[in-house]
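Next come the chains, spelled out residue by residue.
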Amino acid sequence: MSEIRKSDYELIESYRKGCLSDFELLVSRYQEQIYNYVFSLVRDRQLTDDIFQDTFVKIIRTLKAGLYKDEGKFIQFAMRIAHNLIIDHFRKENRIPVVESSSEDYNYLDNAPITDPSVEQGMIVDQIHTDLRKMIDRLPMEQKEVLRMRIYDDMSFKEIADITNVSINTALGRMRYALINLRKMAEVNKMCLTY
Amino acid sequence: MIGNATLNYSEPILDETFTDQIKDAFAADKRMPGKSVLSFIMGFAAAFESLESGMLGTMGVINN
């Protein structure tokens, strides 16, 4: 007989009553998604550790203070906290991306070439991933974030808008420009994005 | 229309290959949190728990 999987809400309630092991289950359920979300935006292992840690510290405080309103969306709540911490970090560092999502004039062409010469000779899947990853890294943070949430985390635009605290229109616009910019970068670097 | 808002953009249409490539690029770059980070979180959760019970205990003493 298979063990019945507890819902996020059950784990949260159980933790609020003092069951640490249920909190551990909750962490293990989402640690990968949250950690990779943070890493994909900050691209620094140490910083990701710090933000990931702080995210859970805030989660613990919120849960224990009874301020969490369950709407069946713990992961959105957690990612909103992580998102805000990332924004805080960039603000402190004065590194908040200044490129407007609504602008098509994002100056990706000023950057160094992305592809290695060897790519043209023999493109392999790993190389495509690496190059695509580099192109994604060149996107403004807010475009990168929407791209990841929509394509990799499979979130709806409503969910993305809630987490990033923008309108659905803005989220859709960011996605649109992320794709336009990726395609332009691929074109400029003569990258063939097919296997 | 969603609620009172009018959407200016529709979701961009992506060909499957491009979507898969983006997905794979993210997947290929996957990281996992280290044990020390997870231990810290669980330690904090446990400490918070004891702190809370301690505080409640103190309140109990005061109330009595």
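Rules and cut-offs
- Residues numbered from 1 in each chain as written.
- Chains lettered and ligands numbered in written order.
- Predicted model: local features only at pLDDT ≥ 70, side-chain atom pairs only at ≥ 80, totals over all residues.
- Heavy atoms only, no water.
- Helix = DSSP H or I, 4+ residues; strand = E, 2+ residues; numbered from the N terminus.
- Buried < 20%, exposed > 50% of the residue type's maximum accessible area, 1.4 Å probe, protein only.
- Areas by Shrake-Rupley, 256 points an atom, 1.4 Å probe, with all protein chains shown as cover.
- 1 Å grid on protein atoms, 1.4 Å probe; cavity = no way out; pocket = protein on both sides within 12 Å on 5 of 7 lines; lining within 4 Å.
- Points joined across faces, edges and corners; volume = space filled by probe spheres on them.
- Contact = heavy atoms within 4.5 Å.
- Buried area = accessible area lost by both parts, 1.4 Å probe.
- Polar contact = N/O pair within 3.5 Å; in protein donor to acceptor, adjacent residues only side chain to side chain.
- Nonpolar A, V, L, I, M, F, W, Y, C, P; charged D, E, K, R; others polar.
- Phe/Tyr/Trp six-rings, centres within 6.5 Å; stacked < 30°, edge-to-face > 60°.
- Lys NZ or Arg CZ within 6 Å of the ring centre and 35° of its normal.
- pLDDT = per-residue confidence, 0-100.
- Axes fitted to C-alpha atoms, helices over the stretch in contact; angles between N-to-C directions.
- Parallel < 35°, antiparallel > 145°, perpendicular 65-115°, else oblique.
- Left-handed = near helix turned anticlockwise from the far one by under 90°.
- Salt bridge = Lys/Arg side-chain N within 4 Å of Asp/Glu carboxyl O.
- Core = buried A, V, L, I, M, F, W, Y, C linked by side-chain atoms within 4.5 Å.

Trainee: Quick question: what am I supposed to make of the overall build of chain B here?
Mentor: When helices and strands are tallied, chain B shows 2 helices and 0 strands. Taken across its 64 residues, chain B has 25% of its residues classed as buried. As presented, chain B carries roughly 4300 Å² of accessible surface, and 59% of it is formed by carbon and sulfur atoms.

Trainee: Can you help me understand the environment of Ala-27 of chain B in this one?
Mentor: As for its placement among the helices and strands, Ala-27 of chain B is situated in helix H1 (residues 16-28). Each C-alpha atom of the pair Ala-27 of chain B and Ile-41 of chain B lies 25 Å from the other, and the pair is 14 residues apart in sequence.

Trainee: Even after reading the chapter, I still don't get empty space enclosed by the protein, so can you show me in this structure?
Mentor: To locate leftover empty space, one rolls a probe as large as a water molecule over the atoms. Residue and element names in this part refer to chain A. Summed over the entire model, instances satisfying the criterion amount to 1 cavity of 30 Å³ or more. Each pocket or cavity is described by its volume, and for the largest cavity that value is around 50 Å³. Broken down by secondary-structure element, the contributors of at least two residues to the lining of the largest cavity are helix H2 (20-42) and helix H7 (141-152). Tallying contributions element by element places H2 first for the lining of the largest cavity, with 3 residues.

Trainee: Looking at this structure, how should I read the interface of chain B and chain A?
Mentor: Interfaces are often sized by the accessible area lost when the parts come together. Taken residue by residue, the interface counts 40 residues in chain B and 47 residues in chain A. When chain B packs against chain A, the two sides together hide about 4100 Å² of surface, and 70% of this comes from carbon and sulfur. At the boundary of chain B with chain A, the tally comes to 4 residue pairs in polar contact (both at pLDDT 80 or more). For the side of chain B that touches chain A, the secondary structure elements donating two or more residues are H1 and helix H2 (35-63) of chain B. By residue number, the principal contributor to the side of chain B that touches chain A is H1 of chain B, which donates 12 residues. Of the residues that constitute the side of chain B that touches chain A, the class distribution is 23 nonpolar, 7 polar and 10 charged.

Trainee: Where do I start with the packing of aromatic side chains in this structure?
Mentor: Here a ring pair, both rings aromatic, is described through the centre-centre distance and the interplanar angle of the planes. The final tally for this structure, using the stated rule, is 11 aromatic pairs over all chains. Centroid distance Phe-40 of chain B to Phe-44 of chain B: 6.5 Å. Interplanar angle 20 degrees. Geometry classified as stacked. Of the two residues, Phe-40 of chain B and Phe-44 of chain B both sit in helix H2, 4 residues apart, roughly one turn of that helix. Relative accessible area serves as the criterion here: at 38%, Phe-40 of chain B is assigned to the partly exposed category. A relative accessible area of 17% means that Phe-44 of chain B is categorised as buried. Ring geometry for Phe-44 of chain B against Phe-48 of chain B: centres 5.8 Å apart, planes inclined by 40 degrees, an arrangement best described as tilted. In this pair, Phe-44 of chain B and Phe-48 of chain B both sit in helix H2, 4 residues apart, roughly one turn of the helix. Judged by its relative accessible area of 17%, Phe-48 of chain B is buried. Clustering of aromatic rings is evident, with ring pairs tying together Tyr-15, Phe-23, Tyr-35, Phe-52 and Phe-56 of chain A. Over the ring of Tyr-15 of chain A we find Lys-64 of chain A; its NZ or CZ atom is 4.4 Å from the centre of that ring.

Trainee: Help me out: how do you make sense of the confidence of the model for chain B in this one?
Mentor: Low pLDDT means the predicted coordinates in that region are not meant to be read closely. On average, residues of chain B score 73 in pLDDT, and 59% of them are at 70 or above. Quick note on the complex model: pTM equals 0.77, ipTM equals 0.73.

Trainee: Would you mind showing me how to read the packing of helix H4 (residues 74-92) of chain A against helix H8 (residues 157-164) of chain A here?
Mentor: Describing two packed helices takes the angle between their axes plus the distance from one axis to the other. All names here are of chain A. At a minimum axis separation of 8 Å, H4 and H8 run at an interaxial angle of 45 degrees. Considering the angle they form, H4 stands oblique to H8. Note on packing geometry: the crossing formed by H4 with H8 is right-handed. Residues Gln-76, Met-79, Arg-80 and His-83 of H4 pack against Glu-159, Asp-162, Ile-163 and Thr-164 of H8.

Trainee: Is there a simple way to explain the pattern of salt bridges in this structure?
Mentor: When charged atoms on two side chains of opposite charge get close, those side chains can pair. The final tally for this structure, using the stated rule, is 11 salt bridges over all chains. A salt bridge links Arg-148 of chain A to Asp-153 of chain A; the nearest nitrogen and oxygen atoms lie 3.6 Å apart. Here Arg-148 of chain A falls in the buried class, since its relative accessible area comes to 2%. Each of Arg-43, Arg-133 and Asp-137 of chain A together with Asp-29 and Arg-31 of chain B takes part in salt bridges that share partners, so that together they form one network.

Trainee: Hey, could you run me through the nonpolar core in this one?
Mentor: Here is a general trend for soluble globular proteins: nonpolar side chains tend to be buried in one another's company. Core analysis: the biggest nonpolar cluster contains 67 residues, and Phe-23, Ile-34, Phe-74, Ile-86, Leu-147 and Leu-182 of chain A together with Ile-22 of chain B have the highest contact counts within it. In terms of residue count, H4 of chain A provides more of this core than any other element does, 11 residues in total. Not counting chain neighbours up to four residues away, the residues in contact with Leu-147 of chain A comprise Ile-136, Leu-139, Tyr-152, Met-175, Ala-178, Leu-179 and Leu-182 of chain A together with Ile-22 and Phe-26 of chain B.

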